[in-house]
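Next come the chains, spelled out residue by residue.
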Amino acid sequence: MLTERMEPLMGRLRRTADDPVKSPRTAVIVGRLLAVAFSICFLTGIYSHILQEEPAWLAFPRPVGIYRFTQGLHVISGIASIPLLLAKLWTVFPRLFEWPPVRGVLHALERASIALLIAASLVEVAIGLLNTFQLYALFPFPFRQTHFVLAWVVMGSLLIHIAVKLPLITRYWSARSTAAAARSGEFAEETAGEEGARTGRVLSRRAFLTTVGIAVGAVTVTTAGQTVDSLGFLNVFGPRRQGVGPGGLPVNKTAEQAGVTETATAADWRLEILDGDRSTRFSLDELRALPQTSASLPIACVEGWSQMADWRGVRMSDLLAAAGIPAASDLMIRSLQERGSSRMSEMPAPYTADPLTLVALELNGAELDIDHGYPARIIAPGRPGALQTKWLATIEVA
Ligand SMILES: Nc1nc2c(c(=O)[nH]1)N[C@H]1C(S)=C(S)[C@@H](COP(=O)(O)O)O[C@H]1N2
Ligand SMILES: [Mo]
């Protein structure tokens, strides 16, 4: 009964397959681009995820902007994949209504993997985009872990999808192979849209792909400026503006939001270095009296914005030496902030010993603004912004 009523509808949907926009060739073209965007996003995402776990074996402090580059690429490729994903769904839409919906066990598995791929991809890019706007409080699950697990689901189901579709992908890989398939007559239904070459309807594919290209370009150039300096002036939708903020640098969390306005400005503030039960305390003047080092290092936030800045302060290794502690020590760094996920960070020895890792007291030639971590903050090369702890309270040898 249901089948009888559904068939004509499904038939009608299926017939749109002779539209070149919905032909396998278009699906392959868009699919290739999407696979590239997803792969870049996946690899840079894995790197970011592992870095946040602070393993010493992955300490790459050089080049200093390495994380700025990979995370910028992660968010750029993630945002670019949104119009590509929508275009791909549009292209294959008729085929999602294949009838009968299941033709056997293998076919059922294949369709299930596609359903999983579509659902996981949509959720993945949606929560990623929300994260760039710091809206992760919107969902009731931990962002980073969920984003990480879903990434594997997306890539796993994508690999299955590619494996299943491999004959079709190779058939429609190039214009030449597509023409050969059309000529052979063997794939008449699939290549129906390719007939448009004569009727002029192939133009609609070109128009479609041009539209997709413009959409990808538009979302990219209007957001990439949050991390690519030369595109800063086009940054309309990126949530952070380069150069805007105290000291010419954006602020991710203000002192007020972190609840440290009073403790950070208290006259009795001391930076405490702890090693077992030994404690050494430094006032701000005592920190200023130690040798001062300058370093140009970026703040590179996981959310996709980043900016270079000039920092000045005490080298971490000099500070540890002043407290009688070897430079290459694993550290636990704590902020005055009492709540919130970025109130502390671990620092593996390779970063601690790095001559560019500073307890910064100055930013861009002036005393640190309270929103940038006054009286003292961490700045280290090649690390995610979330680990550049502001409003330091204690540094403990782990
Ligand atoms: N104590 C503390 N330090 C912190 C944070 C925080 O919330 N609390 N945010 C971190 C994050 S996520 C980033 S990206 C950088 C941003 O530094 P900025 O606000 O000085 O630009 O600070 C880091 N240090
Ligand atoms: Mo961040």
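Residues numbered from 1 in each chain as written. Chains lettered and ligands numbered in written order. Predicted model: local features only at pLDDT ≥ 70, side-chain atom pairs only at ≥ 80, totals over all residues. Heavy atoms only, no water.

Undergrad: When you look at the overall build of the protein in this model, what are you seeing that I'm missing?
TA: The secondary structure content of the protein amounts to 13 helices and 10 strands. For 398 residues, the compact-globule estimate of 2.2 N^0.38 gives 21 Å, and the C-alpha radius of gyration of the protein, at 27 Å, exceeds that figure by more than 25%. Classification of the 398 residues of the protein by burial places 47% in the buried group. Within the protein, contacts between residues at least 6 apart in sequence are counted, and of these 66% link residues at least 24 apart. With an accessible surface of roughly 19,200 Å², the protein has 64% of that area assigned to carbon and sulfur atoms. The positive charge centre, built from 37 side chains, and the negative charge centre, built from 35, are 12 Å apart in the protein. (Helix = DSSP H or I, 4+ residues; strand = E, 2+ residues; numbered from the N terminus. Rg over C-alpha atoms; globule rule 2.2 N^0.38 Å. Buried < 20%, exposed > 50% of the residue type's maximum accessible area, 1.4 Å probe, protein only. Contact = heavy atoms within 4.5 Å. Areas by Shrake-Rupley, 256 points an atom, 1.4 Å probe, with all protein chains shown as cover. Lys, Arg positive; Asp, Glu negative; His and termini not counted. Charge placed at Lys NZ, Arg CZ, Asp CG, Glu CD.)

Undergrad: I'm lost on the packing of helix α3 (residues 66-92) against helix α4 (residues 105-132) in this one. Help?
TA: To characterise two packed helices, one gives the angle between the axes of the helices and the distance between these axes. At a minimum axis distance of 10 Å, the contact between α3 and α4 shows a crossing angle of 140 degrees. In terms of orientation, α3 and α4 fall into the oblique class. The crossing of α3 and α4 is left-handed. Packed against α3, whose contacting residues are Val 75, Gly 78, Ile 79, Ser 81, Ile 82, Leu 85 and Leu 89, the element α4 presents Ile 118, Ser 121, Leu 122, Val 125, Leu 129 and Thr 132 at the interface. (Axes fitted to C-alpha atoms, helices over the stretch in contact; angles between N-to-C directions. Parallel < 35°, antiparallel > 145°, perpendicular 65-115°, else oblique. Left-handed = near helix turned anticlockwise from the far one by under 90°.)

Undergrad: Any chance you could explain the sheet that holds strand β1 (residues 271-275) here in plain terms?
TA: One key point about sheets: their strands pair by backbone hydrogen bonds, in either a parallel or an antiparallel sense. The mixed open sheet is built from five strands, whose spatial order is β2-β1-β10-β5-β6. Strands at the two margins of the open sheet, each flanked by one partner only, are β2 (278-282) and β6 (344-347). Strand-to-strand twist of the sheet, defined as the mean angle between neighbouring strand axes without regard to direction, takes the value 15 degrees. Sheet topology places strand β5 (residues 331-335) next to strand β10 (residues 392-397); five bridges connect them, and they run antiparallel. By the bridge assignment for β10, Ser 335 is matched with Leu 392. (Pairing = 2+ DSSP bridges.)

Undergrad: How do you make sense of the packing of aromatic side chains when you look at a structure like this?
TA: Both the distance between ring centres and the angle between the ring planes are used here to describe each pair of aromatic rings. Summed over the entire model, instances satisfying the criterion amount to six aromatic pairs. Ring centres of Phe 42 and Trp 152 lie 5.0 Å apart, and the angle between their planes is 85 degrees; on these two criteria the pair is classed as edge-to-face. Residue Phe 42 is found in helix α2 (residues 24-52), and its partner Trp 152 is found in helix α5 (residues 143-171); the two are separated by 110 residues along the sequence. You can call Trp 152 partly exposed: its relative accessible area is 48%. (Phe/Tyr/Trp six-rings, centres within 6.5 Å; stacked < 30°, edge-to-face > 60°.)

Undergrad: What is the right way to look at the pairing of β6 in this model?
TA: Two faces belong to every sheet, and in a regular strand the side chains alternate between them. Here β6 shows a clear split, with Ser 345 and Met 347 buried on one side and none of Met 344 and Glu 346 buried on the other. With four bridges connecting them, β5 and β6 associate as antiparallel partners. In the sheet register, Leu 331 faces β6, and the bridge partner there is Met 347.

Undergrad: What is the right way to look at the site of ligand 1 in this model?
TA: In the vicinity of ligand 1, 19 residues are found, and the nearest of them are Pro 250, Gln 337, His 372, Arg 377 and Lys 390. One nitrogen or oxygen atom from the main chain of Ser 342 is found 3.4 Å from a nitrogen atom belonging to ligand 1. Expressed as a share of its isolated accessible area of 530 Å², the protein-covered part of ligand 1 is 97%. (Near = heavy atom within 4 Å. Polar contact = N/O pair within 3.5 Å; in protein donor to acceptor, adjacent residues only side chain to side chain.)

Undergrad: What should I look at first to understand the side chain of Thr 191 in this one?
TA: By secondary structure assignment, the location of Thr 191 is in the loop between α6 (175-184) and α7 (196-199). Exposure remark for Thr 191: the relative accessible area of 4% places this residue in the buried category. Here Phe 187 takes part through its backbone oxygen, which lies 2.8 Å from a polar atom of the side chain of Thr 191. Leave out the neighbours within four places in its chain, and Thr 191 touches Tyr 172, Ala 181 and Ala 182.

Undergrad: For this particular structure, what's the right way to read α2?
TA: At 3.6 residues per turn, the α-helix brings residues three or four places apart onto the same side. Between its terminal C-alpha atoms α2 stretches 40 Å, which fits the 42 Å expected from 29 residues at 1.5 Å a residue. Most of α2 is tucked away, with 21 of its 29 residues classed as buried. Two residues or fewer past α2, Glu 54 is found with a positive phi of approximately 55 degrees. (Expected span 1.5 Å × (residues − 1).)

Undergrad: Please explain unusual backbone geometry as it appears in this structure.
TA: Comment: phi is negative for the bulk of residues other than glycine, and the bulk of peptide bonds are trans. Put simply, Arg 62 and Pro 63 share a cis peptide bond, and its omega is -15 degrees. Tracing the backbone shows Pro 63 in the loop between α2 and α3. A cis geometry characterises the amide bond from Trp 99 onward to Pro 100, with omega recorded as -5 degrees. One can find Pro 100 in the loop between α3 and α4. Backbone geometry places Gln 134, a non-glycine residue, at a positive phi of 60 degrees. Judged by relative accessible area, which is 28%, Gln 134 ranks as partly exposed. Here the phi dihedral of Asn 364 falls at roughly 45 degrees; this positive angle occurs in a residue that is not glycine. Within the secondary structure, Asn 364 sits in the loop between β7 (358-363) and β8 (366-367).

Undergrad: Just to check I follow, could you spell out the nonpolar core for this structure?
TA: Nonpolar side chains in soluble globular proteins tend to end up buried together. Of all hydrophobic cores here, the largest spans 53 residues; its most connected members are Leu 287, Trp 311, Leu 319 and Ile 395. Not counting the four nearest positions on each side in its chain, Leu 287 is found in contact with Trp 269, Leu 271, Phe 282, Gln 292, Val 314, Leu 319, Leu 361 and Ala 376. Judged by nonpolar contacts, the second largest core, of 25 residues, contains Ile 46, Val 125, Val 154 and Met 155. (Core = buried A, V, L, I, M, F, W, Y, C linked by side-chain atoms within 4.5 Å.)

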